[in-house]
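Coordinates in review
The chain contents come next:
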Amino acid sequence: YGNFAWNIPSTLSGGSDYKIQIESVANPTVNDYSDADFGLTAPPSITITIPNGGQSWEIGGTHTITWTSVSLSFSHVDILLYKNGIYYIDIARAELDDGLYDWVMPTLPADTDYQVYIQEYTNSAVYDLSDVNFSVPTPSITITIPNGSQSWEIGSTQTIYWNSVNFAGAAN
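Report on the accompanying structure. Note that this is a predicted model, so its numbers are computed, not measured.

**Structural notes on the overall build of the protein chain**
Regarding its fold elements, the protein chain presents zero helices and 14 strands. Secondary structure elements of the protein chain occur, N-terminal to C-terminal, as β-β-β-β-β-β-β-β-β-β-β-β-β-β. What you see for the protein chain is a C-alpha radius of gyration of 28 Å, clearly larger than the 16 Å of a compact globule of 172 residues, by over 25%. Overall size of the protein chain, expressed as C-alpha extent along the three principal axes, is 105 × 30 × 25 Å. Considering the protein chain as a whole, with its 172 residues, one finds that 24% of them fall into the buried category. Long-range contacts, defined here as pairs at least 24 residues apart, represent 53% of the contacts in the protein chain between residues at least 6 apart. Taken as a whole, the protein chain presents about 11,400 Å² of accessible surface, with 52% of it coming from carbon and sulfur.

What follows is the structure, given as structure tokens:
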């Protein structure tokens, strides 16, 4: 009898139609195959697809976080925000692992060093971190009307227009 510690190559695909053959080195006609097929499963993994770098997300906006997962033991994930490579805040805990989460972004400091981190619920060994940072732009307001070419009559009512970036709440 004998045994062999087989390091299963990561290049193999999951499936249920695998068999093992063992044969004598001295006489290859002395061999045996597994009596029945057995299965291989992909190791558990999470892959963040959005945000995965380069996005600019505004405060107060709804931003969709997406991911794929394979062979998780639990049907839930934790979604966290990292800033400068360090845990910053929870986005969602024990969120259903359906690959989609709509996040209404809270007020955050303007910066370019944010990443999303998703881990299997209660298993921090299975996780992914956004490959590249996303940014939160500096808040700004730009008046578009009046822009200097208007002449408004005193006592009249006129509408003032502006554009805003990364600005949550009312303006005065």
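Right, picking up where we left off after that structure.
**Comments concerning the side chain of glutamine 115**
In this structure, glutamine 115 sits in strand β10 (residues 111–120). On the accessibility criterion, glutamine 115 (9% relative accessible area) is buried. A distance of 2.8 Å separates the side chain of glutamine 115 from the backbone oxygen of serine 130, its partner in a polar contact. Once you skip the residues sitting within four places of it in the chain, glutamine 115 turns out to touch Leu80, Leu81, Tyr82, Gly85, Leu129, Ser130, Asp131, Val132, Asn133 and Phe134.

**Here we look at unusual backbone geometry**
The omega angle of the peptide bond from isoleucine 50 to proline 51 is 0°, so this bond is cis rather than trans. Along the chain, proline 51 falls in the loop between β5 (45–50) and β6 (62–70). In this model, isoleucine 145 is joined to proline 146 through a cis peptide bond whose omega is 5°. With respect to the helices and strands, proline 146 occurs in the loop between β13 (140–145) and β14 (161–165). Backbone geometry places serine 71, a non-glycine residue, at a positive phi of 55°. Within the secondary structure, serine 71 sits in the loop between β6 and β7 (76–83). Overall, serine 71 belongs to the partly exposed group, its relative accessible area being 39%.

**Points about the environment of valine 30**
Tracing the chain through its elements places valine 30 in the loop between β2 (21–23) and β3 (31–33). Valine 30 has contacts with Ile22, Glu23 and Ser24, leaving out every residue within four places of it along the chain.

**Digging into the packing of aromatic side chains**
Inspection of every chain in the model, using the stated rule, returns nine aromatic pairs. Relative to tyrosine 87, the ring of tyrosine 82 lies with its centre 6.4 Å away and its plane at 85°, an arrangement referred to as edge-to-face. What makes tyrosine 82 buried here is its relative accessible area of 16%. Ring plane angle 15° and centroid distance 4.9 Å describe the contact between tyrosine 82 and tyrosine 117, whose orientation is recorded as stacked. Of the two residues, tyrosine 82 is situated in strand β7 and tyrosine 117 in strand β10; the sequence distance between them amounts to 35 residues. Judged on exposure class, the residue tyrosine 82 and its partner tyrosine 117 are both buried. Ring-pair connections join several aromatic residues into one group, and the members of that group are Trp57, Tyr88, Trp103, Tyr114 and Phe134. A cation over an aromatic ring shows up here: lysine 83 above the ring of tyrosine 114, its NZ or CZ 5.1 Å from the ring centre.

**Concerning a nonpolar patch on the surface**
Taken together, the side chains of Ile141, Ile143, Ile145, Trp152, Ile160, Tyr161 and Trp162 define a hydrophobic patch exposed on the protein surface, amounting to about 680 Å² of accessible area. Of all the secondary-structure elements, those providing two or more residues to the nonpolar patch are β13 and β14. Among the elements that take part in the nonpolar patch, β13 stands out by supplying three residues, more than any other. For isoleucine 143, the position within the fold is in strand β13. Classification of isoleucine 143 as exposed rests on a relative accessible area of 54%.

About the criteria used
Residues numbered from 1 in each chain as written. Predicted model: local features only at pLDDT ≥ 70, side-chain atom pairs only at ≥ 80, totals over all residues. Heavy atoms only, no water. Helix = DSSP H or I, 4+ residues; strand = E, 2+ residues; numbered from the N terminus. Rg over C-alpha atoms; globule rule 2.2 N^0.38 Å. Buried < 20%, exposed > 50% of the residue type's maximum accessible area, 1.4 Å probe, protein only. Contact = heavy atoms within 4.5 Å. Areas by Shrake-Rupley, 256 points an atom, 1.4 Å probe, with all protein chains shown as cover. Polar contact = N/O pair within 3.5 Å; in protein donor to acceptor, adjacent residues only side chain to side chain. Phe/Tyr/Trp six-rings, centres within 6.5 Å; stacked < 30°, edge-to-face > 60°. Lys NZ or Arg CZ within 6 Å of the ring centre and 35° of its normal. Patch = residues over 30% accessible without salt bridge, like charges linked within 9 Å, V, L, I, M, F, W, Y side chains within 5 Å. Salt bridge = Lys/Arg side-chain N within 4 Å of Asp/Glu carboxyl O.

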